[in-house]
Amino acid sequence: MKTVGFIDYFLHEWHANEYPAMIAAYNEKNGTDYQVKYAWAEIDSPNKGARTTEEWCKDYGVERCETIEELCEK
């Protein structure tokens with residue numbers, strides 16, 4: 001398994017919401033095993049109705065990291 005970590009200003013936005021499914025589709029097509037495992041965001045999304053970082057991580061089964069360094073270390 002190859003581990004993927006998302007680092008972003010906030011997570012509830014297009015690419016963070018779409019990439020997990022795109023990675024899963026890539027795995028299915030190519031027989032690879034990339035897994036989104038970790039995420040860090042500087043802030044929760046300022047957009048009304050957006051998921052918090054904690055909610056985003058829970059929805060995608062991803063571990064929230066407290067710092068970028070922690071994510072990189074893992």
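Definitions and cut-offs
Residues numbered from 1 in each chain as written. Predicted model: local features only at pLDDT ≥ 70, side-chain atom pairs only at ≥ 80, totals over all residues. Heavy atoms only, no water. Pairing = 2+ DSSP bridges. Helix = DSSP H or I, 4+ residues; strand = E, 2+ residues; numbered from the N terminus. Right-handed = clockwise from strand over helix to strand, strands pointing away. Buried < 20%, exposed > 50% of the residue type's maximum accessible area, 1.4 Å probe, protein only. Polar contact = N/O pair within 3.5 Å; in protein donor to acceptor, adjacent residues only side chain to side chain. Contact = heavy atoms within 4.5 Å. Patch = residues over 30% accessible without salt bridge, like charges linked within 9 Å, V, L, I, M, F, W, Y side chains within 5 Å. Areas by Shrake-Rupley, 256 points an atom, 1.4 Å probe, with all protein chains shown as cover. Salt bridge = Lys/Arg side-chain N within 4 Å of Asp/Glu carboxyl O.

A.B. asks: Whenever I open this one, the pairing of strand 2 (residues 34–41) confuses me. Can you help?
C.D. replies: On any regular strand, side chains alternate: one points to one face of the sheet, the next to the other face. Bridge analysis of strand 1 (residues 2–8) against strand 2 gives seven bridges, and the strand direction is parallel. Counterpart to Ile-7 in the pairing with strand 2 is Trp-40. The handedness of the strand 1 to strand 2 crossover, carried by helix 1 (residues 14–30), is right-handed. Where strand 2 meets strand 3 (residues 63–64), two bridges bridge the pair, whose relative direction is parallel. Residue pairing across strands places Ala-39 opposite Arg-64, the latter belonging to strand 3. Between strand 2 and its parallel partner strand 3, the chain crosses via helix 2 (residues 53–60), and the hand of that crossover is right-handed.

A.B. asks: Which parts of the structure should I look at to understand the side chain of Asn-17?
C.D. replies: Relative to the helices and strands, Asn-17 is located in helix 1. A relative accessible area of 19% places Asn-17 in the buried class. A polar contact of 2.7 Å, which involves the side chain of Asn-17, links it to the side chain of Arg-51. Among the polar contacts listed, one links the side chain of Asn-17 to the side chain of Trp-56, at a separation of 3.1 Å. Leaving out residues up to four positions away in the same chain, Asn-17 has contacts with Leu-11, His-12, Arg-51, Trp-56 and Tyr-60.

A.B. asks: What is the right way to look at a nonpolar patch on the surface in this model?
C.D. replies: A cluster of nonpolar side chains, Trp-14, Tyr-19 and Met-22, forms an exposed patch at the surface whose accessible area comes to about 350 Å². For Tyr-19, a relative accessible area of 34% corresponds to the partly exposed category.

A.B. asks: Teacher, can you tell me more about the environment of Pro-46 here?
C.D. replies: Mapped onto the secondary structure, Pro-46 falls in the loop between strand 2 and helix 2. When the C-alpha positions of Pro-46 and Phe-10 are compared, they lie 8.4 Å apart, and in sequence the two are 36 residues distant.

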